[in-house]
Each structure stands twice: as C-alpha cells, then as structure tokens.
Amino acid sequence: GPLTTGLLALTGTVLLAFIVLHLKTFRFSSSTRRWRHPDAYPNAPSDRDLYVLMLELFSRPEQVVFYVSAIIAVGVHLHRGWSKTVLKMDGVLKEERQPVIAIGHVLIMPLCAGFCLVPCWMHGIQQQWFAEVLGKAVEGVDTCANATA
C-alpha cells in the first residue's frame, strides 16, 4: 500500500543521502592524516587514517545521532525491502517464503546493531567517564600512534 511504498521511498532517500555523505567523509576526504603500519616496508605508501577520521567525525554527538539514525533507516529499508523481494522470487516455493523472510529479518538485526555500535564506540572512547569504565586513557586524534599530519 501507500504506507509501504512511502516508507521505502523515505528510507531510500535517507539511504542515498547517507551513502553520499559517508563516501564524501571517508572515501573522498580531504584529510591529510596518513597512517603506516609499523611493520611496513620503509618505502611503502601510507593510507588515509580512517581511525582518525572516525575519531574526528564521531567526536560530535550530532554526527553519532545522524549515523545511528541513518543505519536504523537502512535497517527498516532492508527489512521491508527483503520481504517484498522474497515475495517476488520465482525460485522460492510459496511455503518456503515465510522462513526465508524470517531468516533475512534475523540477519538484518545484528548487522545494523553492529554498524550502530561503531559511531557510539568511537564517541564513547573520547569521553572521560567511558574511558574510566574501560580502565583506559581517553582516545583522541592527538593520542593516535602511527598517525602523521
């Protein structure tokens, strides 16, 4: 119905915006921070320091909220879209459709939960109270080993 179609359209739009911003932030970043593995050959090229990029991005609570919200939208989109996709599959017998849908739904939950955990964790390790709970020092951009500006 219109609610289902509207829901997929809305979550699809959020998904598109998320992908564009995610690629802009991580793949096409203008960051000059580089990282080289300590065991790398002396002349080996360095890579963008994705860890530092995540620390920088997720130091801001509004970015954490945006990422978690976007991942939830992705989860809703996958959940609804998987159901519709399975119903259109010719190779799945009618009596097998509900179990196939259920398996897909079960797999979507931990996948999205894991992706939600990353921004929350990256934000948390930069907070004094969280570091104390973990018994570690606060992480931050300035405390990263092997990073170069």
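Okay, so let's go over this structure. Keep in mind that what you see is a predicted model, and the values were worked out from it rather than measured.

### Concerning helix α4 (residues 97–124)
Inference 1: Between its terminal C-alpha atoms α4 stretches 41 Å, which fits the 40 Å expected from 28 residues at 1.5 Å a residue.
Inference 2: When we look at burial in α4, the residues that qualify are Ile101, Gly104, His105, Ile108, Cys112, Cys116, Pro119, Met122, His123 and Gly124.
Inference 3: Packed against the buried residues of α4 are α2 (50–57), α3 (61–88) and α5 (128–134).

### Some remarks on a nonpolar patch on the surface
Inference 1: Taken together, Leu7, Ile72 and Val76 make up a surface patch of nonpolar side chains, about 220 Å² in accessible area.
Inference 2: Relative to the elements of secondary structure, Leu7 occurs in helix α1 (residues 2–27).

### As for the packing of aromatic side chains
Inference 1: Tallied over the full model, the rule gives six aromatic pairs.
Inference 2: Between the aromatic rings of Phe66 and Tyr67, the centroid separation amounts to 5.8 Å while the plane-to-plane angle is 80°, which identifies the pairing as edge-to-face.
Inference 3: By way of ring pairs, the aromatic residues Phe18, Phe58, Phe66 and Tyr67 are connected into one cluster.

### Here we look at the packing of α3 against α4
Inference 1: Here α3 crosses α4 at 170°, and the two axes come no closer than 9 Å. Taken together, the axes of α3 and α4 lie roughly antiparallel to each other.
Inference 2: In terms of residue class, the contact of α3 with α4 is built from 19 nonpolar, six polar and one charged.

Calculation notes
- Residues numbered from 1 in each chain as written.
- Predicted model: local features only at pLDDT ≥ 70, side-chain atom pairs only at ≥ 80, totals over all residues.
- Heavy atoms only, no water.
- Helix = DSSP H or I, 4+ residues; strand = E, 2+ residues; numbered from the N terminus.
- Expected span 1.5 Å × (residues − 1).
- Buried < 20%, exposed > 50% of the residue type's maximum accessible area, 1.4 Å probe, protein only.
- Contact = heavy atoms within 4.5 Å.
- Patch = residues over 30% accessible without salt bridge, like charges linked within 9 Å, V, L, I, M, F, W, Y side chains within 5 Å.
- Areas by Shrake-Rupley, 256 points an atom, 1.4 Å probe, with all protein chains shown as cover.
- Salt bridge = Lys/Arg side-chain N within 4 Å of Asp/Glu carboxyl O.
- Phe/Tyr/Trp six-rings, centres within 6.5 Å; stacked < 30°, edge-to-face > 60°.
- Axes fitted to C-alpha atoms, helices over the stretch in contact; angles between N-to-C directions.
- Parallel < 35°, antiparallel > 145°, perpendicular 65-115°, else oblique.
- Nonpolar A, V, L, I, M, F, W, Y, C, P; charged D, E, K, R; others polar.

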